[in-house]
Amino acid sequence: MEKILLRNILECTSGEQLEVLKLRNKESIRRNMYSDHIITESEHLKWLVSLKKKPEQQFFIIFVADQVKGAVSLAAFDFKNRKCDWAFYLDETVRGGLGAAIEYYFVGYVFDKLKIEKLNCEVLSFNESVIKMHKKFGFQEEGIRRSNILKDSQRIDVVLLGMTAQEWTVHSESVKERYQSILNKFDIKMA
């Protein structure tokens, strides 16, 4: 069983925080993000400082064999309405179903531990494999923001997906059964 550690970026070393910058600047990750420019170290450090002032946002580093291999963002926490947004990315070298395991873990974390009642995400329309994966976990397509992002001089749609805590309660066991062989490969812990 492969051990996966999730740690809040603000509790990580400056070296680990800079590894996230390197990962985020990889072409394979940038192409699927809203902002796809090369992030400077100065921009990254300003973002880290801003995180300290934002209780409505949490950012976790995914460690695989003590190496930074991905990240998960929980953002736009609205505690009154008990909702938030989420997104994650993994290094393209990571295989074996870790994406599915991270999705299962974090959806459960948001609904079961944080007691959020609505979880939302946005995916660029050309990223069809991620849209399909979210739907397999119980997310419903809620809309499309047409021509919402400009990338390489082209307007790109953004697919809006969401799931309620009640839907997760209904779907979580069937999702677990479907992905059990993958979930058994990983021991995911939050530090």
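A brief look at the structure comes next. Worth saying up front: this structure is predicted, and the values here are computed from it rather than measured.

### What about the overall build of the chain?
1) Next: The number of helices and strands found in the chain is six helices and eight strands.
2) Next: What you see in the chain, going N to C, is helices and strands ordered as β-α-α-α-β-β-β-α-β-α-β-β-α-β.
3) Next: Its C-alpha atoms give the chain a radius of gyration of 16 Å, within 12% of the compact-globule value 16 Å for 191 residues.
4) Next: Projecting the C-alpha coordinates of the chain onto the three principal axes gives extents of approximately 45 × 40 × 35 Å.
5) Next: Taking all 191 residues of the chain together, 46% fall into the buried category.
6) Next: Taking as baseline every contact in the chain between residues at least 6 positions apart, the subset at least 24 positions apart corresponds to 63%.
7) Next: Only carbon and sulfur atoms are counted for the fraction: they give 50% of the accessible area of the chain, which is about 10,500 Å².
8) Next: Mean positive and mean negative side-chain charge positions of the chain (30 and 27 charges, respectively) differ by 1 Å.

### Quick word on the environment of Arg178
1) Next: Take Arg178: it is sitting in helix α6 (residues 165–183).
2) Next: We classify Arg178 as partly exposed; its relative accessible area is 48%.
3) Next: Sequence spacing of Arg178 and Lys136 is 42 residues, and the spatial spacing of their C-alpha atoms is 9.4 Å.

### A few points about the nonpolar core
Buried together is how nonpolar side chains tend to be arranged in soluble globular proteins.
1) Next: Formed by 41 residues in total, the largest nonpolar core has its most connected members in Ile62, Trp86, Leu98, Ile102 and Phe106.
2) Next: Per element, the largest residue contribution to this core is 10 residues, and it comes from helix α4 (residues 98–113).
3) Next: Discounting chain neighbours no more than four positions away, the residues touching Leu98 are Ile4, Ile62, Val64, Leu90 and Phe186.

### Digging into the packing of α4 against α6
A pair of packed helices can be characterised by two numbers: the angle between their axes and the separation between those axes.
1) Next: Where α4 meets α6, the axes come as close as 10 Å, and the angle between the chain directions of the two elements is 150°. As judged from the angle between their axes, α4 and α6 are roughly antiparallel. For α4 against α6, the interelement crossing comes out left-handed. Of the residues in α6, those in contact with Ala100, Ala101, Tyr104, Val107, Gly108, Phe111 and Asp112 of α4 are Ala165, Trp168, Ser172, Val175, Lys176, Tyr179, Ile182 and Leu183.
2) Next: A breakdown of the residues in the contact of α4 with α6 according to their chemical character gives 11 nonpolar, two polar and two charged.

### Re the side chain of Gln17
1) Next: Inspection of the secondary structure assignment puts Gln17 in helix α1 (residues 14–24).
2) Next: A relative accessible area of 13% means that Gln17 is categorised as buried.
3) Next: Ignoring sequence-local partners within four residues, the contact set of Gln17 consists of Ile9, Leu10, Cys12, His44 and Leu48.

Definitions and limits used
Residues numbered from 1 in each chain as written. Predicted model: local features only at pLDDT ≥ 70, side-chain atom pairs only at ≥ 80, totals over all residues. Heavy atoms only, no water. Helix = DSSP H or I, 4+ residues; strand = E, 2+ residues; numbered from the N terminus. Rg over C-alpha atoms; globule rule 2.2 N^0.38 Å. Buried < 20%, exposed > 50% of the residue type's maximum accessible area, 1.4 Å probe, protein only. Contact = heavy atoms within 4.5 Å. Areas by Shrake-Rupley, 256 points an atom, 1.4 Å probe, with all protein chains shown as cover. Lys, Arg positive; Asp, Glu negative; His and termini not counted. Charge placed at Lys NZ, Arg CZ, Asp CG, Glu CD. Core = buried A, V, L, I, M, F, W, Y, C linked by side-chain atoms within 4.5 Å. Axes fitted to C-alpha atoms, helices over the stretch in contact; angles between N-to-C directions. Parallel < 35°, antiparallel > 145°, perpendicular 65-115°, else oblique. Left-handed = near helix turned anticlockwise from the far one by under 90°. Nonpolar A, V, L, I, M, F, W, Y, C, P; charged D, E, K, R; others polar.

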